[in-house]
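The chain contents come next:
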Amino acid sequence: MAVIGDLLVQFAQMLVVLGLAPLLTGFVRKVKARLLRRQGPPLLQPYRDLIRLLRKEAVVAENASWLFRAAPYMIFAATWVAAALVPTFATGLMFSWSADLIVIVALLGSARFFLALAGMDVGTSFGGIGASREVMIASLAEPAMIMVVFTLALIAGSTQLSTVATHMIHAEVGLRVSLGLGLIALIMVAIAENARIPVDNPATHLELTMVHEAMVLEYSGRHLAVIEAAAMLKLLLYVSLIAAMFLPWGIAASGAGPAAYALGVATYAAKLGIGGFLLALFEISIAKMRVFRVPGFLGAALMLALLATLLMFMTRSFG
Amino acid sequence: MATLPLILICVAALLLIALAAVALSRSESATPLVYGAAFLACLTALATALQHLLAGAAAAEIVLPLGLPWLGAHVRIDALSALFLVVVNLGGALASLYGIGYGRHEEAPARVLPFFAAFLAGMNLVVLAADAFSFLLAWELMSLVSWALVLAHHRDPENTRAAYIYLVTASFGTMCLLLAFGLLAGPAGGYDFEAIRAAALSPELGALVLALALLGAGSKAGLVPFHVWLPLAHPAAPSHVSALMSGVMTKVAIYGFIRIVFDLLGPPDWWWAMILLAFGGISALLGILSALMQQDLKRLLAYSTIENIGIIFIGLGLALGFGANGMPAAAALALTAALFHVFNHALFKGLLFLGAGAVLSATGLRDLEQMGGLIHRMKVTAFAFLAGAVAISALPPLNGFASEWLMFQAVLISPDLPQWGLKVMVPTAGAMMALSAALVAACFVKVFGIAFLGRPRSAIVAEAKEVDRFSLAAMLALVLLCLLAGIFPGLVIDAIQPAAQMLLGGSLPNQSAQPWLSIVPVAESRSSYNGLLVFIFIVFSAGVTTLLIHRVAQRRLRRGPAWDCGFPNPDPVTQYTADSFAQPLRRVFGTLAFQAREQVEMPAPGDTGPARFRVEMRDLIWETCYAPIAGIVDVAATRLNRLQFLTIRRYLSLVFLALVGLLLVLVIWL
């Protein structure tokens, strides 16, 4: 019985993240527009965009290879699996033991690997520029993320995300300098990985400033829809990840009653709302950086995360 | 039949094949015969070693009446050597299989065939040797025949230079190992490993042996800063030999290091770990940064080997650190991670070099800037190379990720280490490992994107043809092994445990007994990873998505010209090149690591001449470590050169003076 319950929670989780991801993106867009005193697109616009894209025929460049057509599905699958492993409203996911935080980071790395390759497949200059800059950004963001994972793993005594979340609620963790540094580093990484201002601009089509958009320039129709959905999932994943690791309060334990699950869903929605609002607020109050300022930004994230890990090594041994 | 004699027969067969190849080499059928026979010999040895390993058989030793009369040649198979025999013969068998097809393009097979078989025999013998004399002899055999293979295409002046530098470094390395064994054997001079193990060494001498082992085995493995020969020599050899040198010979060097430091040397000091971690971290980072800057496909792969060796040395360093602090389980975890990476690197680096060889034989090119669009012309090779690139970039669910994951788990246990030096050094090495892992992914996006994707950048690439079936079979076998080792990592880990138990007295929990075939290095509450399940998850969600999208969405697909923001340029020159792809990373890391300087020369206003962009990079290690030595040797040689043009009277007086001097020394000494 418990197994079926866990399995249900796991599948519910997979569907919840998929269903909520466009809403979060729409919410961030809406808040941004309102903060700029614009009306902004409706909250449900991302769903409509995806459906519209799915209805259109796909136009593929003449010299595109099989990789170009397969990549969107691989990117989506890797991102979806990663997102399914991050606890949203309940911990103790059925399959959380099969993959820990390091695997989640690596799955996102796989998605990025194929995205960058897809950008280079047609052999256009924009695809190349996007891929080249993406790997530059990732080469600093990924180690920073791993270092944040190290910090949390050292505090919780485990790299399992569910265990980390449970530990953060129940144990006397208290305020730690490492946690603060790790949180700041993780937010910086999340901004870079999701192609948000100041690293990249999700709304732009000005060629010289774009990274993510440049890689997907050749995509259309259903392929583009799948890639966009993966990008939305990734945003949701990062917000959930930050929530699960640093603000796990309200999250339902495995096998808890319906009341706990309801509370978990409500707090999760609130966390997403707050996260989206803060992201929008941050984005409108800062200007985009030049591409070659980004390494400085991410280098700072890496150093903060390394410092956090070093502090953990210095102050406490691993139970 | 017992294991050891069977393997020895295989080695003897390889040596006979080498001799036969000398006689046969004029004939047409020599190539398939030699490679076919080598394939069979390696396969037999592989099966035997695997059986020994999996059955957990006891160590066996034979003393052959060869070599020094009072010593004989000791050969021995134990858990560690069985493990490395598997690596050597797996790589050897697949390289031979590949050679059956690839060898047909060889212009002078007589320069490759005999040495190829002897090379395989040499590597097997290093792993089997159980006394210092036969170890060094086998090591020298391995070095010399690989030198001959580097020199196979000797008309290219670059290859001659590579071979020269290789010969000098290899001789120096062997000399260091000779001295190391001299110290290990002590004044009594017991040269078989059993006697060495029994002898105790003072801490100072132990440290000296460690330094010599680092110089000797580390230089063969390609540890920075002793790596200079590697990126020159590995690409110069024929590609299946490059695959062996990078995938297998560096592993034999690692074996030598492990045998000396973990087995023969006795209990370690904790600060030895610091040295290994520092060397490993620097090798990992500098190796992959150098690889990113390359445009020559095979040289790039050779630099990436240096990176992987760095990661393996980080694992060995952690194992020493834990071992010195009496934490055998943690030490076993770190050593397992290192040995697992040894196995994985042999698989995917072999695969990538074989892929590079396929491209080379189809197009005659090693320069990435001339390639492009090969995925359309060489479909299977492209797929195999992509799998290798994913594996080496440590992306789940392939094998590279599994060993990297174990390595991170080992780093995460290390706050328990009492020494402050290690507490600082281990997370730093962990950060360097994470950074280099991300850079590897960048590097292989570059390689695959430039060589196989995009549009062809030269006419010959546009006409490339897929390679023969033997080469494809060898590559696909490696792809399969990469996948299997990735989704069933527990099996490989279990096979490593007897070696860890033997060297460190500790081992990981039995992984095959874990539910669902997951791997659990310490305890399940702490961390576990299930490659199979992750693989099934990815395939499942990709399948569901594809099916659903194709059911629900518009299925029409139209081919049209590339969009490229409305300005598609038909000239393939407008694509990103390998150099321009790496430019952002060169700006971020290269200004420090290579003192990279970019210069733009703009023509004067009104001048219609082209603008020029120039990049200068310096090899700081060559300039600071090697150039001065080369300079001193050069100056000394010029000075001493005069001695060759003296008159007979002066020579006689020189001889007389030398005699008087020696006698004086003797008088004073005694």
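Summary of the structure given here. Treat the numbers as computed from the prediction; the structure is a model and nothing was measured.

### Focus on empty space enclosed by the protein
Using the criterion set out here, one finds eleven cavities of 30 Å³ or more in the structure. A volume near 170 Å³ is recorded for the largest cavity. Taken together, the elements giving at least two residues each to the lining of the largest cavity come down to helix H4 (101–121) and helix H5 (125–156) of chain A together with helix H16 (399–413) and helix H17 (420–451) of chain B. Across the lining of the largest cavity, the residue classes break down as twelve nonpolar, two polar and two charged. The computed volume of the second largest cavity comes to approximately 130 Å³. What lines the second largest cavity is a set of 15 residues, among which Gly91(B), Val248(B), Ala346(B), Gly350(B) and Leu478(B) lie closest to the centre. Those elements that place two or more of their residues in the lining of the second largest cavity are helix H3 (79–102), helix H10 (239–264) and helix H13 (328–363) of chain B.

### Description of the layout of surface pockets
Residue and element names in this part refer to chain A. Considered as a void within the structure, the largest pocket measures approximately 950 Å³ in volume. Taken together, 41 residues make up the lining of the largest pocket; nearest its centre are Arg29, Pro202, Ala203, Glu213 and Glu228. Breaking the lining of the largest pocket down by element, the ones donating at least two residues are helix H1 (2–35), helix H2 (45–55), helix H3 (66–84), H4, helix H8 (212–215) and helix H9 (221–246). Considering each element in turn, the lining of the largest pocket owes the most residues, eight residues, to H9. A per-class count over the lining of the largest pocket returns 21 nonpolar, seven polar and 13 charged.

### Quick look at the pattern of salt bridges
Residue and element names in this part refer to chain A. By the definition in use, this model includes 22 salt bridges over all chains. The partner of Arg112 in a salt bridge is Glu193, and the shortest N-O contact between them spans 2.6 Å. In this pair, Arg112 is assigned in helix H4 and Glu193 in helix H7 (residues 177–193), connecting sequence segments 81 residues apart. Assessed through its relative accessible area of 10%, Glu193 is described here as buried.

### Digging into the nonpolar core
Formed by 371 residues in total, the largest nonpolar core has its most connected members in Phe113(A), Leu316(B) and Phe444(B). Broken down by element, this core gets its largest block of residues, 24 residues, from H13(B). The residue makeup of this core includes at least three contributed by each of domain 1 (1–219 + 240–257) and domain 2 (267–548) of chain B. Residues contacting Leu316(B), with those up to four places away along its chain left out, are Ile254(B), Phe257(B), Ile258(B), Phe262(B), Leu276(B), Leu335(B) and Ala338(B).

### A few points about the packing of H13(B) against helix H20 (residues 489–504) of chain B
All names here are of chain B. Their axes nearest at 9 Å, the elements H13 and H20 cross at an angle of 125°. As judged from the angle between their axes, H13 and H20 are oblique. The element H13 and its partner H20 pack so that their crossing is right-handed. From H13, Pro328, Ala331, Ala332, Leu335, Thr336, Leu339, Phe340 and Phe343 reach across to H20, where they touch Pro489, Val492, Ile493, Ile496, Gln497, Ala499, Ala500, Leu503 and Leu504. Residues of the contact of H13 with H20, tallied by class, amount to 15 nonpolar, two polar and no charged.

### Regarding the interface of chain A and chain B
Contacts between chain A and chain B engage 82 residues on the former and 85 residues on the latter. Both faces combined, the contact of chain A with chain B buries some 7,400 Å², and carbon together with sulfur accounts for 71% of it. Among the residues chain A hides against chain B, the three largest losses belong to Trp97(A), Phe113(A) and Phe313(A). Together they make up 10% of the total. Linking chain A with chain B are 29 residue pairs in polar contact (both at pLDDT 80 or more), by the criterion used here. If you list the elements that add at least two residues to the side of chain A that touches chain B, you get H2, strand E1 (58–61), H3, H4, H5, H9 and helix H11 (294–315) of chain A. In terms of residues, the side of chain A that touches chain B owes the most to one element, H5(A), which gives 18 residues. For the side of chain A that touches chain B, the residue count by class is 50 nonpolar, 20 polar and twelve charged. Direction of pairing for E1(A) relative to strand E3 (residues 557–560) of chain B: parallel, over a ladder of four bridges.

### Description of the packing of aromatic side chains
What the rule picks out here adds up to 22 aromatic pairs over all chains. Residues Phe68(A) and Tyr219(A) carry aromatic rings whose centres are separated by 4.1 Å and whose planes lie at 5° to one another, so their mutual orientation is stacked. In this pair, Phe68(A) is assigned in helix H3 and Tyr219(A) in the loop between H8 and H9, connecting sequence segments 151 residues apart. Their ring planes at 80° and their centres at 5.7 Å tell us that Phe113(A) and Phe114(A) sit as a pair that is edge-to-face. The class for Phe113(A) is buried, based on a relative accessible area of 2%. On the accessibility criterion, Phe114(A) (11% relative accessible area) is buried. Within the aromatic cluster, the residues linked to one another by ring pairs are Phe135(B), Trp139(B), Phe181(B) and Phe193(B). Here Lys423(B) stacks its cationic end above the ring of Trp420(B), 6.0 Å away from the centre of that ring.

Criteria and cut-off values
Think of each chain on its own: its residues are numbered from 1, step by step along the sequence as written. Chains carry letters from A onward and ligands carry numbers from 1 onward, assigned in written order. Reporting in this predicted model follows two pLDDT cut-offs: at least 70 for local features of residues, and 80 or more for side-chain atom pairs to be given and counted; totals over whole chains, interfaces and linings ignore these cut-offs and use all residues. Excluding hydrogens and water, the side-chain values take into account all heavy atoms of the structure. In this analysis, the protein atoms alone were mapped onto a 1 Å grid. Cavities are point sets where a 1.4 Å probe fits without being able to get out; pockets are open sets with protein on both sides within 12 Å along at least five of seven lines; lining residues have an atom within 4 Å of a point. Grid points are joined across faces, edges and corners, and a volume is the space filled by probe spheres set on the points. Note on conventions: DSSP H or I runs of at least 4 residues are helices, E runs of at least 2 residues are strands, and numbering of each starts at the N terminus. When residues are sorted by character, Ala, Val, Leu, Ile, Met, Phe, Trp, Tyr, Cys and Pro go into the nonpolar class, Asp, Glu, Lys and Arg into the charged class, and all the rest, Gly among them, into the polar class. Each salt bridge in this description consists of a side-chain nitrogen of Lys or Arg and a carboxyl oxygen of Asp or Glu lying within 4 Å of one another. Only protein chains enter the area calculation, which uses a 1.4 Å probe; residues under 20% of their type maximum are buried, those over 50% are exposed, and those in between are partly exposed. Working definition of a nonpolar core: buried Ala, Val, Leu, Ile, Met, Phe, Trp, Tyr and Cys residues. They are joined through side-chain atoms within 4.5 Å. All domain edges in this entry derive from an automatic or database-based domain assignment. By definition, residues are in contact when any of their heavy atoms lie within 4.5 Å. Think of each axis as a best-fit line through the C-alpha atoms, taken over the contacting stretch in the case of a helix, with angles from 0 to 180 degrees between the N-to-C directions. Orientation categories follow fixed angle ranges, with anything under 35 degrees roughly parallel, anything over 145 roughly antiparallel, 65 to 115 roughly perpendicular, and all other angles oblique. Left-handed describes a crossing in which the near helix is turned anticlockwise from the far one by less than a right angle; the clockwise case is right-handed. Summed over both partners, buried area is the accessible surface (1.4 Å probe) that two parts give up on being assembled. N or O atoms within 3.5 Å of each other form a polar contact, as long as, within protein, one can give a hydrogen and the other can take it, and as long as residues adjacent in sequence are counted only when both atoms are side-chain atoms. When DSSP locates at least two bridges between a pair of strands, those strands are taken to pair. Any two rings among Phe, Tyr and Trp, with Trp reduced to its six-membered ring, count as a pair given centres within 6.5 Å; such a pair is stacked if its planes are under 30 degrees apart, edge-to-face if over 60, and tilted if neither. Put simply, a charge is over a ring when the Lys NZ or the Arg CZ is close to the ring centre, within 6 Å, and near the line of the ring normal, within 35 degrees.

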